[in-house]
Amino acid sequence: MPNFFTDNKDILFQFENFNIEDIIELMEGNFEDAKDFNYAPKDNQDAMDNYQKTLEIVGDIAGNIVAPLAAEVDEESAQFDNGKVTYAKGTQEALRQLSQADLMGFTLPRKHGGLNFPITIYIMAIEMISRADASLMNIFGLQDIAETINKFSSEEQKAEFLPQFASGKATGAMALTEPDAGSDLQAVNLQAYQDEDGNWFLHGVKRFITNGNADIHLVLARSEAGTKDGRGLSMFVCYGDDTVTVRRIEHKLGIHGSPTCELQFNDTPAKLVGKRKFGLIKYVMDLMNGARLGVSAQALGISQAAYEEALSYAKAREQFGKAIYDIPVVTNMLIDMRVTLESNRSLIYATSKWVDRRDKLIERIEHLKEEGKAFQEESAKQKEAAKISALLTPMTKYILTEAANKITYDALQIHGGTGYMKEFSVERLARDARITNIYEGTSQLQIVAAIGGVINDILADHFDKNEKKSYKGTLAGLADRLKEIRELFYEGQKFVVDKNDRYFQDVAAKELVEMYSYLYVGYLLLDEAEINTRKVFIANRYIVSASAMARKNYETIKNEQFSDLLHADEILI
Amino acid sequence: MSYHSIVLVKQVPDTANISGNVMKPDGTVNRAKLPAVFNPEDEVALELALQVKERYGGKVTAITMGPPKASDILRECLYMGADEVCLITDRKFAGADTLATSYVLSETIKKFAPYDFIFAGRQAIDGDTAQVGPQTAEKLGIPQITYAEDVIEVKKDGVTIKRRIDGGNETLKSVMPLLITVIKEATAPRPFRAKLAMAYKNAKSLMEIEKMVESNSLLLLDDLIEEYKANGLFIPTLTTEDLDVDIERCGLSGSPTKVHKIESVILAGGEHEKINPDKEGLGYLVDKLMEDHIFG
């Protein structure tokens, strides 16, 4: 009876130290929902109890229903036959159970059937589901679509669509990518046009659409005929009715349970979401940022599963007269995996809390405006949260999804030859992890999204405060190392800025973003080590290793390792 | 047409997860060291009752007899979707064997009449007697179908049930009311519903509320009970005073079953032998297995 919430000491540690009173207060106000909904919290502690109860249910379903079906789902795959997509049996069963258990509307308001939970709690649920079956996350984790409707749609649209999501009656898809518009969404060409009465219709092709067989689609389309860039794009919502045909589904390396579809929209009736021309620049960016956090949690869940597999295999497998767990190089790999896992978990939940603050402060400010009250203080906090989220979200996705590939790689390595075989789930995990650093923006694009905030050093105040804290014992030494990393970062940053070379900066961005992440995560771990002595080990290995890597990053920049880019044509024969 | 199902549930020590420090030297179980869980087949019985409700409408009432701590599983019944629950608890009920237990249960069930079905797990994992369900039906004077694995159809004039028998199954039809005992292979119990778990996590029985009052002199019992009732969070609690029972037939005094003897059986792994995974080793292994008549 494994429960993926209660059996995971590190998730429990994060949960117990969430300190999200401010977020709960922003979301629940005076807890007035308790009057109308018997499941709404009465106070802060009650809200935390609710989150805990619900996460225990997710952990139960993940551990006891989803995980045992994962291998079958991978083997069976989502199927495409006669224009119709069918989920694997295990996927159907998992979705039925998740819907039955009220878990398909985590962040939606209660009046539309949702649970009104913080994103942070939803992300934790995604982590657990992904540990059980990464491919299921691609359906369970699409609750962002409903959340986007909740944020930007009219009340009428919300009342129509949100209860369908929350009850699990409908699943969603976000139709953004096209054959010629992948990373570059500005090139989206699917046409949106109006009839004489002003009704919208969609016409064109979308490709690589996760869960493209969904009941409800959010579609990015060109509403301004003749335009070429992102400002001519608007967001639409429509039903996946007969006018939306699935032309094919892809045969993929991993996440077989998740159907990836090519769609043809044949004059599909649609409704405009929010304002015209804001499709890409506002709504898709918001949707993508939510999805990036979701994919980061997916990567973390896969990493957790791979680590568990590697650990139990290493303890069971005997070679040279002892368990390979006791062979130092293997032990060392396992410790590296564990430290990465825990430091990644600290990062994602820190990030998701900033995202929660950013979103919930917007709602609070709107209320204050309506009531004609002052909102300057909230506005300043909101701007800060928005700035930090915009940096931490892509940084988190970059770090966690790359790490998932490394952890599954090492987990397979620890299994030796058997890991390459289908008998063990680690080969599936390695395949599933591979997409995480590609979709919702490749790692390279995450660097592009993060570098601005890094160059502008937007966490400077945050780091200043941490530097002034006095840490005890081992932690004091580690705090000094972080100071050194920060100096190296500033030197590297200055070098890049002074060089004033666009090519150089684009390539060096990766080194700088990584260095900045060492600082942010390093301080998170120091703070955790102060409240939990075991975490001193995690902080120690992370920071000692980060200080070596920071030097490498610094040297790479300083030695102008990329100066040969100008000779690319001579090298790349 | 809608139906009222009563489900008999029991909290049991988790005998599926017995570890070394749980056994006492005399071979009995130290219950305090074992986590208490929802008896697995009772959870399946509740699932079947909920399915009947979903298919035909009606309501589901879950009843348990046990110590105050048994409120835990009643809350879990609420999380799964039971409409009402009831705790039967009294020191005078303690030490009951199957006869005394089924007596108290049958007297309680009368209070919840009319009903169409009583669902119960085939047996509890602590006693493994499989007697409480059948005895309860006898005392109520209603028919019973044991070892049920599916409720095929319910109609006004009767219910069709598939039950497991040696080497297969048989399908029976019965009038209602009917008591049905359920095997765990019948179906898997549903996970808790998040909204119900949030709503009922603070539901409390009389004894739990009394405990709150004991530890806080500012609280008044009657007020608190009213408050819990008003919020739909009071778990109705019945004691000997609330039931029309003959005390002599309850608890230890109503239990003719006596433990004759407890034998501590220690199953120890025998000697083992390491055989190399090569040709000679395999040959040796086959010889050994033939010698022991494992291979013919």
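Residues numbered from 1 in each chain as written. Chains lettered and ligands numbered in written order. Predicted model: local features only at pLDDT ≥ 70, side-chain atom pairs only at ≥ 80, totals over all residues.

Here we look at the overall build of chain A
Quick reminder of the rule: Put simply, DSSP marks the helices as runs of H or I at least four residues long and the strands as runs of E at least two long, and each gets a number from the N terminus on. The globule rule used for comparison is 2.2 Å times the number of residues to the exponent 0.38, while the radius of gyration itself is calculated over C-alpha atoms.
Broken down by element type, chain A carries 18 helices and eleven strands. Taking 25 Å as the expected radius of gyration for a compact globule of 573 residues, we find that chain A reaches 24 Å, a close match to that expectation. Expressed as lengths along the three principal axes of its C-alpha atoms, the size of chain A is roughly 70 × 65 × 55 Å.

What about the overall build of chain B?
Basically, it comes down to this: Exposed residues have 12 or fewer other C-beta atoms within 10 Å of their own C-beta, buried residues have 20 or more, and partly exposed residues fall in between, where C-beta atoms are placed from the backbone. In this description, a residue-residue contact is defined by the distance between C-beta atoms placed from the backbone, which must lie within 7 Å.
When its secondary structure is counted, chain B shows eight helices and 13 strands. Structurally, chain B occupies a C-alpha span of about 80 × 55 × 45 Å along its principal axes. Of all 296 residues assigned to chain B, the portion counted as buried reaches 37%. In chain B, 70% of the contacts between residues at least 6 apart in sequence involve partners at least 24 apart.

Remarks on the nonpolar core
Here is the rule we go by: Joining buried Ala, Val, Leu, Ile, Met, Phe, Trp, Tyr and Cys residues through C-beta atoms within 7 Å gives a set, and that set is a nonpolar core.
Residues Val66, Ile129 and Phe236 of chain A are the most contacted members of the largest nonpolar core, which totals 236 residues. Look past the residues within four positions of phenylalanine 236 of chain A in its chain and what remains in contact with it is Ala192, Trp200, Leu202, Val219, Ala221, Ala270, Lys271, Leu272 and Val273 of chain A.

Things to note about the domain arrangement of chain A
Residue and element names in this part refer to chain A. For clarity, the threshold we go by: An automatic or database domain assignment supplies the start and end points of every domain.
What the domain assignment lists for chain A is domain 1 (1-141), domain 2 (172-277), domain 3 (279-458) and domain 4 (460-571). Its C-alpha centre places domain 2 at a distance of 28 Å from the equivalent point of domain 3. The partner domain 3 presents twelve residues to the 17 residues of domain 2 that form the contact. The dominant element in the side of domain 2 that touches domain 3, judged by the number of residues it contributes, is strand β7 (residues 233-239), at three residues.

Here's the deal with the pairing of strand β9 (residues 260-273) of chain A
Stated precisely, the cut-off is as follows: By this definition, two strands are paired if DSSP reports at least two bridges between them.
Pairing geometry for strand β5 (residues 200-210) of chain A and β9 of chain A, over nine bridges, is antiparallel. The residue of β9 of chain A that forms the bridge with tryptophan 200 of chain A is alanine 270 of chain A.

Looking at the packing of helix α9 (residues 279-316) of chain A against helix α12 (residues 426-433) of chain A
Residues and elements named next belong to chain A. As a reminder, the rule being used: An axis is simply a line fitted to the C-alpha atoms; with a helix, the fit covers only the stretch in contact. Between two such axes, the angle follows the N-to-C directions and lies from 0 to 180 degrees. Angles below 35 degrees are treated as roughly parallel, those above 145 as roughly antiparallel, those between 65 and 115 as roughly perpendicular, and all remaining angles as oblique. By definition, turning the near helix anticlockwise from the far helix through less than a right angle yields a left-handed crossing, and turning it clockwise yields a right-handed one.
In the contact formed by α9 and α12, the axes pass within 10 Å of each other and the chain directions differ by 160°. Viewed along their axes, α9 and α12 adopt a mutual orientation that is roughly antiparallel. α9 and α12 meet at a crossing whose hand is left-handed. Residue-level contacts link Ala299, Ile302, Ala305, Ala306 and Glu309 of α9 to Val426, Leu429, Asp432 and Ala433 of α12.

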